[in-house]
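For reference, the chains in residue letters:
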Amino acid sequence: MSTPSDSIAALEKEIWEKTARLNHLRRQTADDGGPAVADYSFATLTGPLRLSDLFAGHDTLLAIHNMGQGCRHCTLRADGLNGLLPHLETAMSVVLLSKDDPHTQQRFAHERGWRFRLASHGGGAYIREQAIQPGHDNYPGCVVYRRDGAAIRRRHAAAFGENDLFCPAWHLLAMAGRGEDDWHPQFSYWRRPDAMDDGGANLPD
């Protein structure tokens, strides 16, 4: 008789095999002609930059669409991707984009210990025209662009969500019986002690 554990193991095997097939197809089509896109402008702490500037000497650019400092879920994902950054940057340029202004981006990145290169689309033409989900300007996800001579082409895009392949935290939480219904990422997990040795004056809520 099949048990729940058997069903889980079978589904894990199926997902593993389909993910391998998905990544094979992604690799096979990485250099196929995608639509050419505009050389959009972004704001940074060092001044305006074009999309072409964000390649920084690479022929491939990974643009992470982050909703900004106000989204705990986007922060969770960026915390995880930040640890992969040195590995990813051996193969392509990586830039985190959000609507936040450059000073807000830099402050928040410093608080989180992020090492991403940052640029602000400010809610303008880029995020409207290059949205992960059409009609949803500030939807989180990632886009890969490639240089094709003077043209910049959009190759692949993927949305971020609880069951995506880009944030392992949700899969590990599911193994412990937790999910979005009963667990929510926070910016900080500090808890007020029952008693404070310094008297506890002026503690944040």
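Refer to the structure presented above.
Residues numbered from 1 in each chain as written. Predicted model: local features only at pLDDT ≥ 70, side-chain atom pairs only at ≥ 80, totals over all residues. Heavy atoms only, no water.

Let's talk about the nonpolar core
With 17 residues, the main nonpolar core has Phe42, Leu51, Leu54, Leu61, Leu97, Tyr126 and Tyr145 as its most contacted residues. Elements with a minimum of two residues in this core: strand S3 (60-65), strand S4 (93-98), helix H4 (125-129) and strand S6 (141-148). Once residues lying within four places of it in the same chain are set aside, the contact partners of Leu54 are Phe42, Leu49, Leu61, Ser93, Val95, Leu97, Arg117 and Ala119. By size, the runner-up hydrophobic cluster in this structure holds 16 residues, among which are Leu81, Met92, Val94 and Cys142. (Core = buried A, V, L, I, M, F, W, Y, C linked by side-chain atoms within 4.5 Å. Buried < 20%, exposed > 50% of the residue type's maximum accessible area, 1.4 Å probe, protein only. Helix = DSSP H or I, 4+ residues; strand = E, 2+ residues; numbered from the N terminus. Contact = heavy atoms within 4.5 Å.)

Some points on the pairing of strand S7 (residues 151-159)
The sheet contact formed by S6 and S7 spans eight bridges and is antiparallel. When the sheet's bridge partners are listed, Val144 is paired in S7 with His156. Between the end of S6 and the start of S7, which pair antiparallel, lie two residues, with Gly149 showing a positive phi angle near 65 degrees. (Pairing = 2+ DSSP bridges.)

Concerning unusual backbone geometry
Although it is not a glycine, Ala56 sits at a positive phi angle of roughly 50 degrees. Residue placement: Ala56 occurs in the loop between strand S2 (49-50) and S3. Owing to a relative accessible area of 49%, Ala56 belongs among the partly exposed residues under this scheme.

Details of the sheet that holds S7
The mixed open sheet is built from five strands, whose spatial order is S5-S4-S3-S6-S7. Both edges of this open sheet fall to strand S5 (117-120) and S7, since each of them pairs with a single strand only. Along the sheet, successive strands turn relative to each other by an average axial angle of 25 degrees, direction set aside. Strand contacts of helix H3 (residues 102-112): S4 and S5, with the helix running at about 150 degrees to S5, the strand carrying the most contacts. (Axes fitted to C-alpha atoms, helices over the stretch in contact; angles between N-to-C directions.)

Here's the deal with the environment of Arg26
You can see Arg26 is positioned in helix H1 (residues 4-28). Since its relative accessible area comes to 27%, Arg26 is described here as partly exposed. Between the C-alpha atom of Arg26 and that of Arg155, which follows or precedes it by 129 residues, the distance is 9.2 Å. Once residues within four sequence positions are removed from consideration, Arg26 is found in contact with His156, Ala158 and Phe166. One polar contact links Arg26 to Asn23, side chain to side chain, over a distance of 3.3 Å. (Polar contact = N/O pair within 3.5 Å; in protein donor to acceptor, adjacent residues only side chain to side chain.)

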